[in-house]
Amino acid sequence: MKNIIIGSDHAGVELKSFFKEYLENNDFKILDVGTFDVNSCDYPDIAKSLANKMKENSIETGILICGTGVGMSIAVNRFSFIRGSLLYNNEVAKLAREHNNANVAIFGARMFSKEENLEFLKTFLSTSFSNEERHKKRITKLD
Ligand code: RB5
């Protein structure tokens with residue numbers, strides 16, 4: 001069973017439930033940092049909570065969702081141990097893992113259908129970092 005942490009604001013709460021159903025059926029142990037209803041909330045609070053809990057619990061992979069994915073991308077990438085990537089097609093989902101070793105997958109719930117976003121997530125989760133020197137060097141330079 002693989003640990004995964006997930007969070008969304010109100011715009012992403014429905015997609016979060018959809019993702020959780022898939023993850024539960026595919027042997028993931030999920031830590032959900034909210035939000036848990038459609039009442040308006042602020043994406044920086046959720047991104048911060050996900051980053052802190054990811055570190056505390058040594059969880060390697062995270063998922064964040066908001067309306068566009070942009071707010072969550074800006075917010076979560078303020079944490080130096082996070083490489084968050086907004087996923088907007090399957091190619092990006094694959095390359096974000098292979099080249100960037102992204103550890104947080106970010107989604108725009110209002111930009112794509114639930115099914116399209118799930119395809120991006122599946123690609124992200126099933127792809128490994130290439131481990132090639134040129135990519136390792138670039139990632140090291142981020143610090
Ligand atoms: C919420 O209405 C929306 O602004 C938020 O989910 C997100 O898209 C921000 O980047």
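Starting afresh in each chain, residues are numbered from 1 along the sequence in its written order. A pLDDT threshold of at least 70 governs which residues receive local features in this predicted model, and a stricter bar of 80 or more applies before side-chain atom pairs are shown or counted, although totals over entire chains, interfaces and linings include all residues. With hydrogens and water set aside, each side-chain value is computed from the structure's full complement of heavy atoms.

Caption draft 1: Just the overall build of the protein chain, in detail. By definition, any uninterrupted DSSP run of H or I lasting at least four residues is a helix, any uninterrupted run of E lasting at least two residues is a strand, and each is numbered from the N terminus. Secondary structure summary: the protein chain contains six helices and five strands in total. Listing the helices and strands of the protein chain from first to last along the sequence gives β-α-β-α-β-α-β-α-β-α-α. Radius of gyration means the value over C-alpha atoms here, while the globule rule gives 2.2 Å times the residue count to the 0.38 power. Relative to the globule expectation of 15 Å for 143 residues, the C-alpha radius of gyration of the protein chain, 14 Å, shows essentially globular dimensions. Along the first, second and third principal axes, the C-alpha set of the protein chain runs to 45 × 30 × 25 Å. We call two residues in contact when some of their heavy atoms are within 4.5 Å. Sequence separation of at least 24 residues holds for 68% of the intrachain contacts in the protein chain that already meet a minimum separation of 6. In short, Shrake-Rupley with a 1.4 Å probe defines the accessible areas, and a residue's cover is counted only from the protein chains shown. Here the protein chain displays about 7800 Å² of accessible surface, and carbon together with sulfur accounts for 47% of that area. Placing the 19 positive and 19 negative side-chain charges of the protein chain at their respective mean positions leaves the two points 7 Å apart. His residues and chain termini do not enter the charge count, which takes Lys and Arg as positive and Asp and Glu as negative. Charge positions come from single atoms, namely NZ of Lys, CZ of Arg, CG of Asp or CD of Glu.

Caption draft 2: Representation of helix 1 (residues 13-24) in the model. The span expected for a helix works out to 1.5 Å for each residue beyond the first. With twelve residues, helix 1 ought to run about 16 Å at 1.5 Å a step, and its terminal C-alpha atoms sit 16 Å apart, in line with that. Here the buried face of helix 1 lies against strand 1 (2-8), strand 2 (28-32), strand 3 (62-66), strand 5 (104-108) and helix 5 (114-125).

Caption draft 3: The arrangement of the pattern of salt bridges in detail. Definition used for salt bridges: Asp or Glu carboxyl oxygen within 4 Å of a side-chain nitrogen of Lys or Arg. Counted under the stated rule, the structure contains seven salt bridges. A salt bridge links Lys 114 to Glu 14; the nearest nitrogen and oxygen atoms lie 3.1 Å apart. Taken together, the residues Lys 114 in helix 5 and Glu 14 in helix 1 connect sequence positions 100 residues apart. Relative accessibility thresholds used throughout: buried, under 20% of the residue-type maximum; exposed, over 50%; partly exposed, between the two (1.4 Å probe, protein chains only). Overall, Glu 14 belongs to the exposed group, its relative accessible area being 56%. With a shortest N-O distance of 2.7 Å, Lys 20 and Asp 32 are connected by a salt bridge. Of this pair, Lys 20 sits in helix 1 while Asp 32 sits in strand 2, and the two are twelve residues apart along the sequence. One salt-bridge network, in which partners are shared between bridges, spans Lys 16, Lys 20 and Asp 32.

Caption draft 4: How the structure looks around the site of the ligand. Inspection of the region around the ligand gives Asp 9, His 10, Ala 11, Tyr 43, Cys 66, Gly 67, Thr 68, Gly 71 and Arg 110 as its neighbouring residues. A distance of 2.9 Å separates an oxygen atom of the ligand from a polar atom in the backbone of Gly 71. Each polar contact in these results corresponds to two N or O atoms within 3.5 Å; when the atoms are within protein, one needs to be able to donate a hydrogen and the other to accept it, and residues that are neighboring in sequence are counted only if both atoms are side-chain atoms. A distance of 3.2 Å separates an oxygen atom of the ligand from a polar atom in the side chain of Arg 110. Taking 300 Å² as the accessible area of the ligand by itself, protein coverage stands at 70%. Class assignment of the residues belonging to the shell around the ligand gives a composition of three nonpolar, four polar and two charged. The near set for a molecule or strand comprises every residue that places at least one heavy atom within 4 Å of it. In this classification, the charged set is Asp, Glu, Lys and Arg, the nonpolar set is Ala, Val, Leu, Ile, Met, Phe, Trp, Tyr, Cys and Pro, and all remaining amino acids, among them Gly, are polar.

Scope: geometric values only; no functional claims are made or implied.
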